[in-house]
Amino acid sequence: MNSGAPVPRGPVVPSNEEAIEAWNGVLFDRFVRFRDIVTTGLRAHGEQGLRLHPPRQGDRALDVGCGFGDTTRRLAELVGPQGEALGVDAAERFVDAARREAAEGGVTNARFLVADVQACDLDGGFDYAFSRFGTMFFANPVIALRNVRRALAPGGRLCMVVWRRKLDNEWLHRAERVVERFLTRPESTDEPTCGPGPFSMASADTTTDVLVRAGFEDISLHRCDIEIAIGADLDEAVEFVMALGPAGELIRVAGTQAEARRSAIVAALHEALTELQRPDGTGVRAPASTWVVGARPPEP
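Residues numbered from 1 in each chain as written. Predicted model: local features only at pLDDT ≥ 70, side-chain atom pairs only at ≥ 80, totals over all residues. Heavy atoms only, no water.

Engineer: Just checking my understanding: could you explain the state of the cysteines for this structure?
Structural biologist: For the structure shown, the criterion picks out 0 disulfides. Here Cys66 is not disulfide-linked; the sulfur of Cys120 is the nearest cysteine sulfur, at 12 Å. Exposure remark for Cys66: the relative accessible area of 3% places this residue in the buried category. Cys159 takes part in no disulfide bond, and the closest cysteine sulfur, belonging to Cys224, lies 10 Å away. (Disulfide = S-S within 2.5 Å. Buried < 20%, exposed > 50% of the residue type's maximum accessible area, 1.4 Å probe, protein only.)

Right under this line is the structure:
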């Protein structure tokens, strides 16, 4: 997947190495496979964050956990030609794709860095920091967000979008419960996992506490409920939840145990997700719930 000049790389905290291995390997491959579903669904929640806490023309914007770089390119558009957007991700393959697509799109005010934000001191002077589902996987989010806070200029602002509870994202929780009927998580596995997981900031109290300990003030959480598509049809929706999310990770780490029960799992997931299939032919759609979080560093 690599192309062009080498991607600059920063240091990595050992406790994040396993998650980075997962995101740079099997999870990257699966995100590529389901990219249309993932980016379309996530985009609506990210756009709500940008509406509630928008960057300004001319801002230097930091995008934490930039993935394919679509959010970084969006930030570059919003800050305009006098501004700049830096996308940071710990997974080299995502950053390589982001750099290539920005170049192909003629985006000249976006650049990208491979770095573990928990481990590195970012360039200072950013006016705005943004993250769409990119802050939930740090082994120590307090340290990571402290580094983000230090990178912000006086008067800077943070906006991040994180998943709310599993119970408020019932399609993911339902798929996980189905798979748990057939599989048990092994005590040990050679498969890398994604770190604390997508729901590590689901609690408003936990997220607020992390930000306070990271040195932020003026913290706000706005609930965002926007329906997302999880498949063009039921078959694709089942493949999606078996590849990504809590159910997908359990299937992956279970290995041969999962392969032996695969047909039964597929049948059970079909039954569980059937009611989400739209009779008007618009695919399989489900409610999704997130927090749009805003915060500021202290005034100097």
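After that view of the structure, there is still more to cover.
Engineer: Would you explain the packing of helix α9 (residues 234-243) against helix α10 (residues 245-254) in this entry?
Structural biologist: When two helices pack together, their arrangement is given by the angle between the helix axes and by the axis-to-axis distance. Relative orientation of the contacting elements α9 and α10 amounts to 65°, with a least axis distance of 5 Å. In terms of orientation, α9 lies roughly perpendicular with respect to α10. Counting all contacts with α9, which are made through Val241, Met242 and Ala243, the residues of α10 involved are Ala247, Gly248 and Ile251. Per-class residue counts for the contact of α9 with α10 are 5 nonpolar, 1 polar and no charged. (Axes fitted to C-alpha atoms, helices over the stretch in contact; angles between N-to-C directions. Helix = DSSP H or I, 4+ residues; strand = E, 2+ residues; numbered from the N terminus. Parallel < 35°, antiparallel > 145°, perpendicular 65-115°, else oblique. Contact = heavy atoms within 4.5 Å. Nonpolar A, V, L, I, M, F, W, Y, C, P; charged D, E, K, R; others polar.)

Engineer: I keep staring at the side chain of Asp168 and nothing clicks. Help me out?
Structural biologist: With respect to the element layout, Asp168 can be found in the loop between β5 (152-163) and α7 (170-180). Given the relative accessible area of 17%, Asp168 is considered buried. Here Arg164 takes part through its side chain, which lies 3.0 Å from a polar atom of the side chain of Asp168. Among the polar contacts made by the side chain of Asp168, one reaches the side chain of Arg165 at a distance of 2.8 Å. Among all residues touching Asp168, those that are not within four sequence positions of it are Arg223 and Ser289. (Polar contact = N/O pair within 3.5 Å; in protein donor to acceptor, adjacent residues only side chain to side chain.)

The analysis is restricted to geometry; functional conclusions fall outside its scope.
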